[in-house]
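# Structure at a glance
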Amino acid sequence: MHPYLRLSSLVLGAILLCPALARADETQKQPLANGWVVEIKTQGEELDCFVCDSSRVTLLKNGKQMARQDFGEGKVELVRFADGKYSKDLTATGVDSIILSHFSGGAHCCFDFSIYTLGKTAQKIADVDAADFGDIFPQDVIDLDNNGTFEIQVLDDVFTYWKVSFAESPAPLVVWEYQNGRYRPSAKLMKKAWTDKKALWQQAAELNAALKVLQTKGFDIQQWRTFDLISSDDKHTLPPALWEVMADLLYAGNTELAVAFLDKAWYQGLKGKSLFLKEFKKQLLSSQYSGVVKKLNPGFF
Ligand SMILES: [Ca+2]
């Protein structure tokens with residue numbers, strides 16, 4: 001199971017097992033280098049169950065308030081990096097940064113995160129709505145191109161619940177890079193050559209066989225189009241691996257391979273390929289990352 005989905009299951013479990021709600025206000029203080037302190041104040045009921053009325057973070061330097069952010073409902077955590085520290089020079093500017101990760105509460109949604117540099121003052125350099133898959137794990141903060149700046153890897157939730165259940169939903173990888181004073185999605189760092197073509201064509205062949213079976217069962221693309229998680233019939237449900245692989249290819253800038261993959265994976269006798277592609281593109285364009293995906297795949301849309 002993907003770690004993000006595993007986490008979601010744990011969160012859901014925590015909510016379901018939650019004992020009687022008790023009022024529990026809490027203030028956590030984390031001292032950092034150079035006189036900085038991060039104060040996280042949470043108010044609400046049963047903090048461990050993520051049911052919090054409000055979360056407020058105050059950034060103090062030598063006891064003086066330098067910045068404050070109200071995150072609203074849910075819980076905020078100061079991200080601990082892989083080296084065990086809570087602040088780190090992420091931007092290669094000689095100034096430490098922190099990442100504040102906010103979980104709104106609920107079965108799995110939603111996450112957002114903010115990044116601040118802590119220099120003479122506190123400056124926000126990222127404010128990211130990361131929806132279903134935005135919990136920041138230490139391994140997600142990494143210097144991918146070894147140039148001294150740290151990138152943040154998150155998953156795009158644009159395909160969550162799209163024609164499948166949550167657990168089956170594909171989630172392509174996105175890289176945020178520090179550029180000109182802000183964190184931005186980076187086409188340059190997402191672009192990656194696809195090395196394992198043998199496995200790719202093997203998967204296309206397996207999908208082709210699965211789609212052939214669907215054709216014999218009477219698959220109807222219009223029924224797929226109006227998919228409903230509760231009432232839809234399996235025979236009108238396409239395997240999510242079809243668009244999972246396509247999305248992974250496109251998010252790494254492999255346009256021609258994505259098109260070729262669909263050609264090989266789609267069983268020729270099954271009607272609806274062009275409509276599938278149209279709907280897939282439409283969904284992809286609804287992503288907050290559509291700009292970077294278009295940049296990576298000129299001519300695909
Ligand atoms: Ca870097």
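Just so you know, these numbers come straight off a predicted model, no measurement behind them.

Parameters and conventions
Residues numbered from 1 in each chain as written. Predicted model: local features only at pLDDT ≥ 70, side-chain atom pairs only at ≥ 80, totals over all residues. Helix = DSSP H or I, 4+ residues; strand = E, 2+ residues; numbered from the N terminus. Buried ≥ 20, exposed ≤ 12 C-beta atoms within 10 Å, placed from the backbone. Contact = placed C-beta atoms within 7 Å. Pairing = 2+ DSSP bridges. Axes fitted to C-alpha atoms, helices over the stretch in contact; angles between N-to-C directions. Core = buried A, V, L, I, M, F, W, Y, C linked by C-beta atoms within 7 Å. Domains from an automatic or database assignment. Nonpolar A, V, L, I, M, F, W, Y, C, P; charged D, E, K, R; others polar. pLDDT = per-residue confidence, 0-100.

Looking only at helices and strands, the chain features eight helices and 12 strands. Expressed as a percentage of its 301 residues, the buried residues of the chain come to 33%. Considering only contacts within the chain whose residues lie at least 6 apart along the sequence, 50% involve residues at least 24 apart.

The antiparallel open sheet is built from four strands, whose spatial order is β1-β2-β3-β4. Edge strands, defined here as strands with exactly one partner in the open sheet, are β1 (26-31) and β4 (64-72). Each strand axis lies, on average, 15 degrees off the axis of its neighbour in the sheet, ignoring direction.

To continue, consider the environment of Pro239. Mapped onto the secondary structure, Pro239 falls in the loop between α4 (221-225) and α5 (241-251). The spacing of Pro239 and Ala210 is 29 residues in sequence and 8.0 Å in space, taken between C-alpha atoms.

Attention shifts here to the nonpolar core. Core analysis: the largest hydrophobic core is formed by 63 residues, its most contacted members being Phe113, Met246, Leu250 and Phe261. Counting residues per element, this core draws most heavily on α5, at eight residues. Split by domain, this core shows at least three residues from each of two domains, domain 1 (3-155) and domain 2 (197-296).

Next up on the list: the packing of helix α3 (residues 197-217) against helix α6 (residues 255-265). Contact pair α3 / α6: the axes reach a minimum separation of 7 Å and the direction vectors enclose 35 degrees. Across from Leu200, Trp201, Ala204, Leu207 and Asn208 in α3, the residues of α6 making contact are Phe261, Lys264 and Ala265. Class assignment for the residues of the contact of α3 with α6 results in six nonpolar, one polar and one charged.

Glancing now at the pairing of strand β8 (residues 122-131). Pairing of strand β7 (residues 111-118) with β8, which is carried by eight bridges, proceeds in the antiparallel orientation. When the bridges of β8 are listed, Tyr116 appears paired with Lys124. Between the end of β7 and the start of β8, which pair antiparallel, lie three residues.

A positive phi angle is found at Asn62, which is not glycine, with a value near 50 degrees. Here Asn62 shows up in the loop between β3 (52-61) and β4. Using a count of 9 C-beta atoms within 10 Å as the deciding quantity, one classes Asn62 as exposed. In this structure, Tyr161 takes a positive phi of about 65 degrees despite not being glycine. In this fold, Tyr161 is placed in the loop between β10 (151-155) and β11 (173-179). C-beta crowding within 10 Å serves as the criterion here: with 13 such atoms nearby, Tyr161 is assigned to the partly exposed category.

Below, the discussion takes up the confidence of the model for the chain. Residue-level pLDDT values for the chain average 88, and 88% of them are 70 or greater. Counting interchain partners and residues more than four positions distant, the pLDDT-below-50 stretch residues 1-20 has 20 contacts.

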